[in-house]
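# Tertiary structure, described
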Amino acid sequence: MIDLRSDTVTKPTPAMRQAMAEAEVGDDVFGEDPTVQRLQARVAHLLGKEAGLFVPSGVMGNQLAIRVHTRPGDEVVLAERSHIFHYESGAPAALSGVQLRPIGDARGFLTGDDVRAVVRGRYDWEPRTRLVCLENTVNKAGGLVYPLDLTREVAEVAREHGLALHLDGARLWNAAVTSGQSEADLAAPFDTVSVCLSKGLGAPVGSVLAGEAETIRLAQRYRKLFGGGMRQVGILAAAGLHALDHHRADLATDHTRAHRLAEALAVLPVFEIDPVSVETNIVIAQTAMPAETVLERLAEHGVRMVAFGPHTIRATTHRDLSDADVERTVDVLTQAFG
Ligand SMILES: *Cc1c(COP(=O)(O)O)cnc(C)c1O
């Protein structure tokens with residue numbers, strides 16, 4: 001089976017398993033796991049922040065950020081296209097008691113003016129806007145890179161109004177590769193940033209939330225409250241460190257392969273996609289026939305993708321694919337839909 005459902009399907013390599021087996025560990029709830037501490041410091045440094053916190057998932061990273069920046073009854077402004085709005089099980093309401101204000105365009109971008117237009121809290125009867133969340137790359141928009149100048153514009157408006165700014169950077173590594181800008185530059189306008197180690201980087205588990213030391217200290221308390229305090233978890237942090245050392249540069253290959261798939265889809269009448277819009281490792285295409293039918297037909301030929309709407313499919317490239325897998329997928333698409 002060629003699995004293009006997500007970049008989370010990768011398995012740890014033998015070298016990564018070796019690093020995990022050899023990891024020095026301790027009880028991280030007591031702050032005594034040296035490998036976790038190394039990972040947290042490493043990611044904080046890469047993102048240009050004071051401190052980092054290892055968490056079990058990207059969702060927890062985002063939800064901790066929402067928890068530390070808000071109080072119950074507050075409002076969080078974010079893109080309608082965002083992961084937090086669509087795919088985090090209603091957690092902002094359940095865990096932080098906040099309401100969401102989804103805005104922005106089909107690319108998942110908000111401008112400074114977009115944010116300025118919805119900020120409120122002046123009157124007693126209005127919710128108080130406290131936080132803006134952006135996403136880079138934008139998953140639901142096909143892995144688009146959030147332009148840095150637009151990020152800075154939003155940051156300026158956030159600062160004007162005393163709002164906190166969080167980045168869901170699950171795939172910030174991909175954005176850095178495509179834009180040629182460092183992760184630290186892309187993270188600079190934000191108070192907090194969460195990044196995933198378990199997506200394109202290929203670690204089995206884990207994300208890191210980074211920000212100012214005081215903010216991260218508070219997030220650590222809420223991590224425990226959310227059930228995310230882990231013990232000898234250096235065994236997983238070691239996988240993250242290994243991924244950062246050895247897998248980051250490979251993301252460029254994922255991007256090339258995604259582009260190859262987009263070009264193959266673009267020539268088939270069943271699909272609608274502009275290959276230029278594929279900037280990273282996510283390929284989203286509209287389908288003339290129901291997405292489920294497309295997926296069934298692909299599965300019959302040993303290729304798996306996911307539906308992203310009734311007439312939308314998503315394919316995601318990742319490090320466990322080979323060039324042959326990509327060419328085989330192109331052949332299958334051409335045979336089944338040509
Ligand atoms: C995957 C993802 C997350 C976090 O997902 P987890 O499965 O909880 O690690 C957050 N944001 C975006 C944009 C994602 O793609």
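Residues numbered from 1 in each chain as written. Predicted model: local features only at pLDDT ≥ 70, side-chain atom pairs only at ≥ 80, totals over all residues. Heavy atoms only, no water.

## Comments concerning the site of the ligand
Inclusion rule: Nearness here has a simple test: a residue counts as near a molecule or strand if at least one of its heavy atoms is within 4 Å of that partner. As used in this structure description, the phrase polar contact means that two N or O atoms lie within 3.5 Å; if the pair is within protein, one of them must be able to donate a hydrogen and the other to accept it, and residues adjacent in sequence are counted only when both atoms belong to side chains. Helix and strand assignments follow DSSP, with helices taken as H or I runs no shorter than four residues and strands as E runs no shorter than two, numbered in order from the N terminus. Gly is placed with the polar residues, together with every amino acid not listed as nonpolar (Ala, Val, Leu, Ile, Met, Phe, Trp, Tyr, Cys and Pro) or charged (Asp, Glu, Lys and Arg).
Around the ligand sit S57, G58, V59, N62, H83, E88, E135, N139, D168, A170, R171 and K199, and that is every residue in its neighbourhood. Interatomic distance of 2.6 Å between a side-chain N/O atom of D168 and a nitrogen atom of the ligand. Examining the composition of the shell around the ligand, we find that three residues originate from one element, helix 3 (residues 58-69), more than from any other. Looking at side-chain class alone, the shell around the ligand contains two nonpolar, five polar and five charged residues.

## A few points about the environment of V145
The following threshold applies: Two residues qualify as a contact provided that any one of their heavy atoms is within 4.5 Å of a heavy atom in the partner residue.
Looking at the element boundaries, V145 is found in the loop between strand 5 (129-135) and helix 7 (148-160). Each C-alpha atom, one on V145 and one on A262, is 17 Å from the other, the two residues being 117 residues apart in sequence. Those residues in contact with V145, other than ones at most four positions away along the chain, are F109, N136, T137, A175, T178, S179, E279 and T280.

## Here we look at the domain arrangement of the protein
As a reminder, the rule being used: Domain ranges listed in this record stem from an automatic or a database domain assignment. Buried area: the accessible area, evaluated with a 1.4 Å probe, that two parts lose upon being put together, summed over both parts. Salt bridges are defined by distance alone: a side-chain nitrogen of Lys or Arg within 4 Å of a carboxyl oxygen of Asp or Glu.
Parsing the protein into structural domains produces domain 1 (14-245) and domain 2 (250-337). Put simply, the middle of domain 1 and the middle of domain 2, counted by C-alpha atoms, are 28 Å apart. Taken residue by residue, the interface counts 17 residues in domain 1 and 12 residues in domain 2. For domain 1, the biggest contributors to the area lost against domain 2 are G142, N174 and G200; these three give 32% of the whole. Across the contact surface, domain 1 and domain 2 share zero salt bridges. Here domain 1 and domain 2 share six residue pairs in polar contact (both at pLDDT 80 or more) between them. Here the side of domain 1 that touches domain 2 is composed, by residue class, of seven nonpolar, eight polar and two charged.

## So, the layout of surface pockets
Selection rule: In this analysis the probe radius is 1.4 Å and the grid spacing 1 Å, with only protein atoms considered; a cavity is a set of points the probe fits into but cannot get out of, a pocket is an open set with protein on both sides within 12 Å along at least five of seven lines, and lining residues have an atom within 4 Å of a point. Grid points are joined across faces, edges and corners, and a volume is the space filled by probe spheres set on the points.
Considering only enclosed or pocket space, the largest pocket measures out at about 310 Å³ in volume. As for the largest pocket, its lining consists of 19 residues, and the residues nearest its centre are R81, A141, G142, I284 and Q286. Considering each element in turn, the lining of the largest pocket owes the most residues, five residues, to strand 10 (residues 282-287). Across the lining of the largest pocket, the residue classes tally to 10 nonpolar, four polar and five charged. In this structure, the lining of the largest pocket is formed jointly by two domains, domain 1 (14-245) and domain 2 (250-337), each of which donates at least three residues.

## Here's the deal with the sheet that holds strand 5
Spelled out, the test is: Two strands qualify as a pair provided DSSP detects at least 2 bridges between them. Axes, fitted as lines to C-alpha atoms, cover a helix only where it is in contact. Angles between the N-to-C directions of the axes lie from 0 to 180 degrees.
Reading across from one edge, 2-8-7-6-5-3-4 is the order of the seven strands in this open sheet, with mixed pairing throughout. Looking at which strands have only one partner, the edges of the open sheet turn out to be strand 2 (51-55) and strand 4 (99-103). Strand-to-strand twist of the sheet, defined as the mean angle between neighbouring strand axes without regard to direction, takes the value 20°. Inspection of the sheet shows strand 5 paired to strand 6 (residues 164-169) by five bridges, in the parallel sense. Counterpart to L134 in the pairing with strand 6 is L167. Each of strand 2, strand 7 (192-196) and strand 8 (207-211) is contacted by helix 10 (residues 213-225), which is oriented at about 20° to strand 2, the strand it contacts most.

## Overview of the environment of G97
For clarity, the threshold we go by: Each residue's exposure class comes from its accessible area (1.4 Å probe, protein chains only) as a fraction of the maximum for that residue type: buried when under 20%, exposed when over 50%, partly exposed otherwise.
Of note, G97 is situated in the loop between helix 5 (91-96) and strand 4. According to the relative accessible area criterion, G97 is partly exposed, its value standing at 34%. Put simply, G97 and I66 are 31 residues apart on the chain and 9.8 Å apart in space, counted from C-alpha to C-alpha. With residues up to four places along the chain from it excluded, the contact list for G97 reads P72, G73 and P92.

## Focus: the nonpolar core
Quick reminder of the rule: Only buried Ala, Val, Leu, Ile, Met, Phe, Trp, Tyr and Cys residues count toward a nonpolar core, and they belong to the same one when joined by side-chain atoms within 4.5 Å.
Residues L39, F54, L110, V132, L134 and L197 are the most contacted members of the largest nonpolar core, which totals 54 residues. The residues touching L134, leaving out its near neighbours within four places in the chain, are L110, Y146, T151, V154, L165, H166, L167, D168 and F190. Of all hydrophobic cores here, the second largest spans 29 residues; its members include L265, L295, L321 and L333.

## Some remarks on the packing of aromatic side chains
Just so we agree on the cut-off: Centre distance within 6.5 Å is the pairing criterion for rings of Phe, Tyr and Trp, where only the six-membered ring of Trp is used; planes under 30 degrees apart are then read as stacked, over 60 as edge-to-face, and the remainder as tilted.
Per the counting criterion, the structure on display carries four aromatic pairs. Aromatic pair Y123 and W125: ring centres 4.9 Å apart, planes at 5°, arrangement stacked. Residue classification places W125 among the exposed positions, given a relative accessible area of 69%. Ring centres of F271 and F337 lie 5.2 Å apart, and the angle between their planes is 80°; on these two criteria the pair is classed as edge-to-face. With a gap of 66 residues between them, F271 in strand 9 (residues 271-272) and F337 in helix 14 (residues 323-337) connect regions that are remote in the sequence. We note that F271, like F337, is buried.

## Considering the sheet that holds strand 10
Taken in spatial order, the four strands line up as 9-10-13-12 in an open sheet, and their pairing is antiparallel. Taken across any chain shown, the strands that pair with only one partner, and hence form the sheet edges, are strand 9 and strand 12 (306-309). The sheet contact formed by strand 9 and strand 10 spans two bridges and is antiparallel. By the bridge assignment, E272 is partnered in strand 10 with Q286. Docked against the sheet, helix 12 (residues 251-266) engages strand 9 and strand 10, running at close to 15° with respect to strand 10. Of the strands in this sheet, strand 9, strand 10, strand 12 and strand 13 (312-316) are in contact with helix 13 (residues 291-300), which crosses strand 12 at around 170°.

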